[in-house]
Amino acid sequence: MSLPESMSRIVVVGTKSRMEEAIEAFYSAKALHLIDHTTGTDDMSIGAPLPTNSKASERLLKVRAMEKELGVGKTTETARVSVEEIRDQISSGSVESTEAEILKVLDARNDLNQRITELNAKKKSLEILATIPVDLELYSGYKSLAVIVGTVKEDPSEALKSLADSEAFVSFKKKAGGVAAVFVKTEDKDRAASILSEYGFTEIAVPEGKGPVSEALLLADEGLADLYAKLESVEKEVEALRMKHKTFLRASDEELSIEIEKGEVPLRIAVGEYSYIMDSWVPTNKFQSVAAELESRLGNDIHVEFEETRGRNLHEEEEAEERFKKVPTKSNNGVIAKEFEYATSLVSTPKYQEIDPSVLIMFFLPLFFGFMIGDCGYAIPFIILGAYGLKVTHHKDWRAIATVLFFGGIWAFMFGFFFFGEALGMHFIGHWEPPLNITWEGLLGIHLPEWFSGIMIDDHGISKLGIHVGMLLKLSVYVGIVHLLIGYVCGYLNIRRQHDNKHAFMEKGGWIIMFTGMVVFCYSLTQMLFDSAPLEGMVMYLLAAGLVMTVVGVVITSRVEGIMAILELPGIVGNILSYTRLAAIGMSKAGMAMAFNYIVFGMIMGMGETVVWPGIGFLVIGLLLFAFLHLVVWTLGILSAGLHALRLQFVELMTKFFEGGGIRYEPLKVKRVKTILTQAKADKEV
Amino acid sequence: MAIEGDVGSGLIAIGAGLAVGLTGLGAGMAEKDVGAAAVGAITEDPTIFGKAMIFMVLPETIVIFGLVIAIMGIFVM
């Protein structure tokens, strides 16, 4: 079984004067998983970031701000730049000059936006005042007169008549509300305000200006149009800047981030006055090459010392110093199993000391998926879609889904062809006996050769709905038993590796005996109940053996788990029966397919004894309907078969042995997307 | 349409229907609470999808039992 890769702990000691160079070397080794230094274990404390870091951080901040303003992001299409070029540009002050250039345009844009907002506000006030026949300059400039202007919710004209020596202009519409302008003596201002306040009055500021309001409105509109035109040209400038600088911005963002990340390494290691000490994990098989590489690059200024190769026994973990306890998990899987690591990681990262379930998932997930689909007609689109997905996508989520679809599709085709012998819910072979027996042979009016039926199970395949239901259910239960047993055995192996045989036997051996006992017991019980076998001979022995094994298993397990062991007994039956979903979902898909076929063929050719082909119109409609309905079954198939296959791994299999909670192996290395290394540099650096 | 078959098989069919229907209801009621909580938890922290899914589908076993009983009723009895 695949355990995570064996890891060794090393200590790297070097002179402080060449630390920066050493950090470059650590990154180029791509294998060092750094162990954070904790102050207090010795006299060394953590170091300070490299001196170049503060300038780089400042620049990165500027770059990010510019990216945000220009709308340049991770998904923006940009060219790739060589590392030397971008470094030259950064060190020659390109960030600062670009910022100046961009800020100039952005300032202009902000200024325009502000003026547009102001003018819009003015226009709004003017629109309100437009219904009052008073020129703008008349609203202000009085000594003994007060002017109150604003909107009202109810008509105040009657109430305003009570004010002596005043002039009130009110324009009111029932639904839209109205506007009132009141000219009163200064001493009456408060009274006028209190009258107005009863009518839902909100004061507005009268814009400055001369002449009639309508003229001012025209002026404002002209001004706005002018500003919008200017804004448009500035937006074009911004877009031009975006196009001009996007590559530089993305590349310098990446380069500066890398520089800062490297510069922060001293914060994680012990640095003294003249030297530094770094603890780290490396894959055991890479230790020699890493040590050789570091020493060849830094010569006498570095010393790499091997500390330990951590075994899988938990004793070693307990004895280790606190910060060396947890070992990072580096999965040790082949090309295909790697794609299934994502499924494992959905639950947790495996511990260093336990079996990585990805290999089991790689085998069983597509198998179960394929069994549940079990139909050539649905399998082929799955294979095509999966292969296409694997070819084009690099995102790990999509890759995981594409892998399941591809391999699941292959299994589905195998099951569909050899085992079930059907495509799109119809058997290949058989007589045309609608509605229950709709076959390709009958539909196409052909007779397939003898050898064709010879390669299928039972000559024409297993029918999911009909006589073979019992057999399918039994088969799923047997598959379940094997699957669960694998889970228990993995659990046993895990414990044996982490402790010893005795522990493993007590913790998982009891379970295995209990499980086997229950299986044998239930088997003989079903023989008696369903096949009415008498309680004698084989059945009796099996029943007794099963019972004894169960009791023994419960006794052993209860020493570890206590009374819970008995309570888990029905759980075992539940776990096994849970696999009947393999048959049940296959049946439900087949049932839907059969119903849809019945609808389509019933509609276009009737359900007679012989196939009668309809006119071309009906045929086209029928085929379209046929395609649509089967697309529904197919889509539901992804969801139900995919999720249930995954569930059987997560819930039934992995709970038997998988603990998780490991830490992921994350070596110091640089991932470049927008910047590339030219060959000359690649030899020396990451 | 005349009713065919005997009363016994009719009762079996009713029983099968009840077994699937009632367990389906039960599983649904149980999953409703778990599912709502699981979706909330996944929104907070997408890395726990697997664990959330394990809890989410636990009650589903009930309906599998119902289905098994129904199928046994129809095909075995």
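Refer to the structure printed above.
Attention in this report is confined to the structure presented alongside it. (Residues numbered from 1 in each chain as written. Chains lettered and ligands numbered in written order. Predicted model: local features only at pLDDT ≥ 70, side-chain atom pairs only at ≥ 80, totals over all residues. Heavy atoms only, no water.)

## Some remarks on the pairing of strand S10 (residues 275–283) of chain A
All names here are of chain A. With seven of nine residues buried, S10 is to be regarded as a mostly interior element. As paired elements, strand S1 (residues 7–15) and S10 share nine bridges and run antiparallel to each other. From the neighbouring strand, Gly-14 faces S10, where its bridge partner is Tyr-276. Relative to S10, strand S2 (residues 33–35) runs antiparallel, the two being bridged by three bridges. Bridge pairing links Leu-34 to Ser-280 in S10. (Buried < 20%, exposed > 50% of the residue type's maximum accessible area, 1.4 Å probe, protein only. Helix = DSSP H or I, 4+ residues; strand = E, 2+ residues; numbered from the N terminus. Pairing = 2+ DSSP bridges.)

## A few points about the interface of chain B and chain A
Contacts between chain B and chain A engage 19 residues on the former and 21 residues on the latter. Of the roughly 1,700 Å² buried between chain B and chain A on both sides combined, carbon and sulfur atoms contribute 79%. When the buried surface of chain B facing chain A is broken down by residue, B:Met53, B:Ile54 and B:Ile64 rank first, second and third, together holding 26% of it. The interface formed by chain B and chain A includes zero residue pairs in polar contact (both at pLDDT 80 or more). Contributions of two or more residues to the side of chain B that touches chain A are made by helix H2 (49–57) and helix H3 (60–76) of chain B. (Contact = heavy atoms within 4.5 Å. Buried area = accessible area lost by both parts, 1.4 Å probe. Polar contact = N/O pair within 3.5 Å; in protein donor to acceptor, adjacent residues only side chain to side chain.)

## What to know about helix H1 (residues 19–29) of chain A
Residue and element names in this part refer to chain A. A large share of H1 lies buried, amounting to eight of its 11 residues. For H1, the set of buried residues is Met-19, Ala-22, Ile-23, Ala-25, Phe-26, Tyr-27, Ser-28 and Ala-29. Residues of H1 that are buried sit in contact with S1, helix H7 (213–263), strand S9 (270–271), S10, helix H8 (287–298) and strand S11 (302–309). The first or second residue beyond H1 is Lys-30, which carries a positive phi of 55°.

## Quick word on the packing of helix H12 (residues 358–373) of chain A against helix H23 (residues 616–653) of chain A
All names here are of chain A. With their axes 9 Å apart at the nearest point, H12 and H23 run at an angle of 140° to one another. With respect to H23, the element H12 is oriented oblique. Read as a crossing pair, H12 and H23 show a hand that is right-handed. Each of Leu-360, Ile-361, Phe-364, Leu-365, Phe-368, Phe-369, Met-372 and Ile-373 in H12 lies in contact with H23, whose residues at this interface are Gly-637, Ile-638, Ala-641, Gly-642, His-644, Ala-645, Leu-646, Leu-648, Gln-649 and Leu-653. Taken together, the residues of the contact of H12 with H23 sort by class into 14 nonpolar, four polar and no charged. (Axes fitted to C-alpha atoms, helices over the stretch in contact; angles between N-to-C directions. Parallel < 35°, antiparallel > 145°, perpendicular 65-115°, else oblique. Left-handed = near helix turned anticlockwise from the far one by under 90°. Nonpolar A, V, L, I, M, F, W, Y, C, P; charged D, E, K, R; others polar.)

## Quick word on a nonpolar patch on the surface
On the surface, B:Val7, B:Leu11, B:Ile14, B:Leu18, B:Leu22, B:Leu25 and B:Met29 cluster together into a nonpolar patch covering about 760 Å² of accessible area. Within the element layout of this structure, B:Leu18 appears in helix H1 (residues 7–44). (Patch = residues over 30% accessible without salt bridge, like charges linked within 9 Å, V, L, I, M, F, W, Y side chains within 5 Å. Areas by Shrake-Rupley, 256 points an atom, 1.4 Å probe, with all protein chains shown as cover. Salt bridge = Lys/Arg side-chain N within 4 Å of Asp/Glu carboxyl O.)

## Digging into unusual backbone geometry
With a phi close to 55°, A:Lys30 is a non-glycine residue in the positive phi region. Along the chain, A:Lys30 turns up in the loop between H1 and S2.

## A short note on the packing of aromatic side chains
Residues and elements named next belong to chain A. One pass over the full model with this rule turns up 27 aromatic pairs over all chains. Residues Phe-169 and Phe-183 carry aromatic rings whose centres are separated by 5.9 Å and whose planes lie at 85° to one another, so their mutual orientation is edge-to-face. Separated by 14 residues along the polypeptide, Phe-169 in strand S6 (residues 167–173) and Phe-183 in strand S7 (residues 177–185) bring together distant segments of the chain. Exposure remark for Phe-169: the relative accessible area of 24% places this residue in the partly exposed category. Look at Phe-601 and Phe-626: their rings are 5.7 Å apart centre to centre, the planes differ by 45°, and that puts the pair in the tilted class. You can see Phe-601 sitting in helix H22 (residues 581–605) and its partner Phe-626 sitting in helix H23, a full 25 residues away along the chain. Residue classification places Phe-601 among the buried residues on the basis of a relative accessible area of 6%. When its relative accessible area of 12% is taken as the criterion, Phe-626 is described as buried. (Phe/Tyr/Trp six-rings, centres within 6.5 Å; stacked < 30°, edge-to-face > 60°.)

## Here's the deal with the sheet that holds strand S8 (residues 202–203) of chain A
Residues and elements named next belong to chain A. Spatial ordering of the open sheet is given by S6-S7-S5-S8, a layout of four strands whose pairing is antiparallel. A strand with exactly one partner marks an edge of an open sheet, and here the two such strands are S6 and S8. Here strand S5 (residues 145–152) pairs with S8 via two bridges, running antiparallel. When the bridges of S8 are listed, Thr-151 appears paired with Thr-202. Packing against the sheet, helix H6 (residues 189–197) makes contact with S5 and S7, and its axis sits at approximately 10° to S5.

## A word on the nonpolar core
Residue and element names in this part refer to chain A. Ranked by size, the top nonpolar core spans 78 residues in total, and within it Phe-368, Tyr-378, Phe-515, Ile-572, Ile-576, Phe-601 and Phe-650 carry the most contacts. Tallying contributions element by element places H23 first for this core, with 11 residues. Ile-23, Trp-281, Val-282 and Leu-294 belong to the second largest nonpolar core, which has 37 residues in total. (Core = buried A, V, L, I, M, F, W, Y, C linked by side-chain atoms within 4.5 Å.)

Bear in mind that shape data such as this cannot, by itself, settle questions of function.
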